[in-house]
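# Summary of structural features
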Amino acid sequence: MMFSLQPFPSNKPLPNISIAGNIARYSNKIGIRYEVTGELKEIALSPFSNAPARQHELWAKTCFEFFLGIKNYEEYWEFNLSPAGHWNVYHFDGYRQGMQEEVAFIKLPFTFENQADKLTLTLHVDLDKIVAEEQLIDVAITTVIKQKNGEITYWALTHRGTEADFHLRESFIIEF
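Residues numbered from 1 in each chain as written. Predicted model: local features only at pLDDT ≥ 70, side-chain atom pairs only at ≥ 80, totals over all residues. Heavy atoms only, no water.

## Observations concerning the packing of aromatic side chains
- Enumeration over the complete set of coordinates arrives at twelve aromatic pairs.
- On the basis of an interplanar angle of 75 degrees and a centroid distance of 5.9 Å, the ring pair of Phe-3 and Tyr-34 is categorised as edge-to-face. Of this pair, Phe-3 sits in strand β1 (residues 2-7) while Tyr-34 sits in strand β3 (residues 29-38), placing them 31 residues apart in sequence. By the burial criterion, Phe-3 is buried, and Tyr-34 matches it. (Phe/Tyr/Trp six-rings, centres within 6.5 Å; stacked < 30°, edge-to-face > 60°. Helix = DSSP H or I, 4+ residues; strand = E, 2+ residues; numbered from the N terminus. Buried < 20%, exposed > 50% of the residue type's maximum accessible area, 1.4 Å probe, protein only.)

## Topic: the side chain of His-86
- Structurally, His-86 can be placed in the loop between β5 (76-81) and β6 (87-92).
- One polar contact links the side chain of His-86 to the main-chain amide nitrogen of Ala-53, over a distance of 3.1 Å.
- Non-local contacts of His-86, meaning those with residues more than four positions away in its chain, are made with Ser-49, Ala-51, Pro-52, Ala-53, Gln-55, Leu-58, Asn-80, Leu-81 and Phe-110. (Polar contact = N/O pair within 3.5 Å; in protein donor to acceptor, adjacent residues only side chain to side chain. Contact = heavy atoms within 4.5 Å.)

## Thoughts on the pairing of β3
- Pairing geometry for strand β2 (residues 17-26) and β3, over ten bridges, is antiparallel. Opposite Ala-20, over in β3, you have Glu-35 as the bridge partner.
- Linking β2 back to β3 in an antiparallel pair, the connection comprises two residues, with Ser-27 at a positive phi of about 55 degrees.
- As judged from the nine bridges shared by β3 and strand β9 (residues 118-126), these two strands associate in the antiparallel manner. Bridge pairing in β9 places Ile-30 opposite Val-125. (Pairing = 2+ DSSP bridges.)

## What to know about the environment of Glu-75
- Among the secondary structure elements, Glu-75 is positioned in the loop between β4 (63-70) and β5.
- You can call Glu-75 partly exposed: its relative accessible area is 24%.
- Placed 41 residues apart in sequence, Glu-75 and Ala-116 show a C-alpha to C-alpha distance of 39 Å.
- For Glu-75, the residues in contact, after removing those within four places along its chain, are Gly-69, Ile-70, His-91, Phe-92, Asp-93 and Arg-169.

## A few points about the pattern of salt bridges
- In total, this model carries ten salt bridges according to the counting rule given.
- A salt bridge links Lys-12 to Glu-151, with the nearest nitrogen and oxygen atoms 3.5 Å apart. Of the two residues, Lys-12 is situated in the loop between β1 and β2 and Glu-151 in the loop between β10 (137-146) and β11 (152-156); the sequence distance between them amounts to 139 residues.
- In this structure Lys-12 comes out as partly exposed when scored by relative accessible area, which is 43%.
- One salt bridge in this structure joins Arg-33 and Glu-35, with 3.1 Å as the shortest N-O distance. (Salt bridge = Lys/Arg side-chain N within 4 Å of Asp/Glu carboxyl O.)

## Considering the side chain of Asp-138
- Note on placement: Asp-138 falls in strand β10.
- Overall, Asp-138 belongs to the buried group, its relative accessible area being 10%.
- Excluding residues within four positions of it along the chain, Asp-138 makes contact with Phe-67, Leu-68, Gly-69, Lys-71, Arg-169, Phe-172, Ile-174 and Glu-175.

Okay, here's the thing in structure tokens:
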């Protein structure tokens, strides 16, 4: 399934970029690919790490994210993927409640390519440790873009709140 992310409306200038990609669930795995095109020189990117690791607060910089919840359950997971190679997964009991690091994952297998005309992040993750294959899931795809001027913009499939809030379950609009 193809997707295109929209920036949360702002009275400040938005970067001249587009974020699109595709997502698929096959068996009990998720494959997701983000592509950022446009004025890439405006985006602040941390240099790639030779020792990528689990890190907190990746959303304070440019960060590719997605949220996954089991249909009709309050609990959900937040996946954070940094262009530097760092990552994290958090489990929530309900809307912004009971946040804790999800220990079922010891690494996330993703690649990041920084080309002259596009940035590409590709991830394939096995969900067996958190979701049963027969369970329906709802997904929200999001991205935080930090510009070189320090401004941060928030991108999502849809923005259902009065402020940028990726945790709203009404925004988990892809169903598998």
